[in-house]
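Analysis of the macromolecular model
The lines below spell out each chain.
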Amino acid sequence: MAESSLYHIVYVSSASHLFSKQELLDLLGKAREKNHRLGITGLLLYRDGDFIQLLEGDKAAVENLYATINADPRHSQATILLEEPTDQRLFNDWSMGFRNLSDPDVQATPGFSQYMNTRLVADSFADDPSGCLELMALFRPRF
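Conventions we followed
Residues numbered from 1 in each chain as written. Predicted model: local features only at pLDDT ≥ 70, side-chain atom pairs only at ≥ 80, totals over all residues. Heavy atoms only, no water. Helix = DSSP H or I, 4+ residues; strand = E, 2+ residues; numbered from the N terminus. Areas by Shrake-Rupley, 256 points an atom, 1.4 Å probe, with all protein chains shown as cover. Expected span 1.5 Å × (residues − 1). Buried < 20%, exposed > 50% of the residue type's maximum accessible area, 1.4 Å probe, protein only. Arc of directions from axis to C-beta. Contact = heavy atoms within 4.5 Å. Core = buried A, V, L, I, M, F, W, Y, C linked by side-chain atoms within 4.5 Å. pLDDT = per-residue confidence, 0-100. Salt bridge = Lys/Arg side-chain N within 4 Å of Asp/Glu carboxyl O.

A few words now on the overall build of the protein. The number of helices and strands found in the protein is four helices and five strands. Looking at the protein as shown, the accessible area adds up to about 7,800 Å², and 50% of this sits on carbon and sulfur atoms.

So, in structure tokens, the structure goes:
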């Protein structure tokens, strides 16, 4: 479904501490509820204290949510990798998809690439910022 002001932001950040499984679940529960209310979809990847997140939706809503996230003390060094209009959502049905790349079960998934073991920091994407979309697209639901 195309939206006239459809927009996405992909950013990386460092957690203030290593998140426990329960802390990640609590974060996701709240994020999914808020994103659903705001009409925002996306994906959050977490690995050993690093986050990479794609937010997509109405431009104003995405920018406002990113500003709120950027001020959250649970992480720091938020760096936008990509910010642009887009023709379509990558995660149309996900108020917030999630994968913990540190999880051994995820690492055992067929097709799991060592690329996933790259730190989720801005320097990892410096040569090709659009590569972050390719990483996110690997987790897109297949119907």
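All right, on to helix 2 (residues 59-70) then. End to end, helix 2 covers 16 Å across 12 residues, agreeing with the expected 16 Å (1.5 Å per residue, within 8%). Those residues of helix 2 that sit buried are Ala61, Val62, Leu65, Tyr66 and Ile69. Burial along helix 2 is one-sided: seen end-on, the buried residues are contained in an arc of 130 degrees. Tucked into the core, helix 2 has its buried residues touching strand 1 (6-15), helix 1 (21-38), strand 3 (50-58) and strand 4 (75-85).

Core analysis: the largest hydrophobic core is formed by 12 residues, namely Val10, Val12, Leu43, Leu45, Ile52, Leu54, Leu81, Leu82, Leu90, Phe91, Trp94 and Leu133. The set of elements that each furnish at least two residues to this core consists of strand 1, strand 2 (41-47), strand 3 and strand 4.

Taken as a whole, the protein shows an average pLDDT of 79; of its residues, 65% reach a score of 70 or greater. At the low end of the mean pLDDT range in the protein sits helix 3 (residues 104-107), at 56; at the high end sits helix 2, at 95. Throughout residues 110-116 the model reports pLDDT below 50, and contacts reaching past four residues in sequence, or to other chains, amount to 12 contacts.

To continue, consider unusual backbone geometry. The backbone phi angle of Asp48 is positive, close to 50 degrees, even though this residue is not glycine. Checked against the element boundaries, Asp48 lands in the loop between strand 2 and strand 3. In this structure, Gln77 takes a positive phi of about 55 degrees despite not being glycine. Secondary-structure assignment places Gln77 in strand 4. Residue Gln77 is classed as exposed on the basis of its relative accessible area of 60%.

Moving on: the pattern of salt bridges. Between side chains of opposite charge, a pair can form as their charged atoms come close. As enumerated under the stated definition, the model contains two salt bridges in all. In this structure, Arg47 engages Asp48 in a salt bridge whose closest nitrogen and oxygen atoms are separated by 3.4 Å. Arg47 sits in the buried class, given a relative accessible area of 15%. On the accessibility criterion, Asp48 (45% relative accessible area) is partly exposed. For Asp72, the salt bridge goes to Arg74, with nearest N and O atoms at 2.5 Å.

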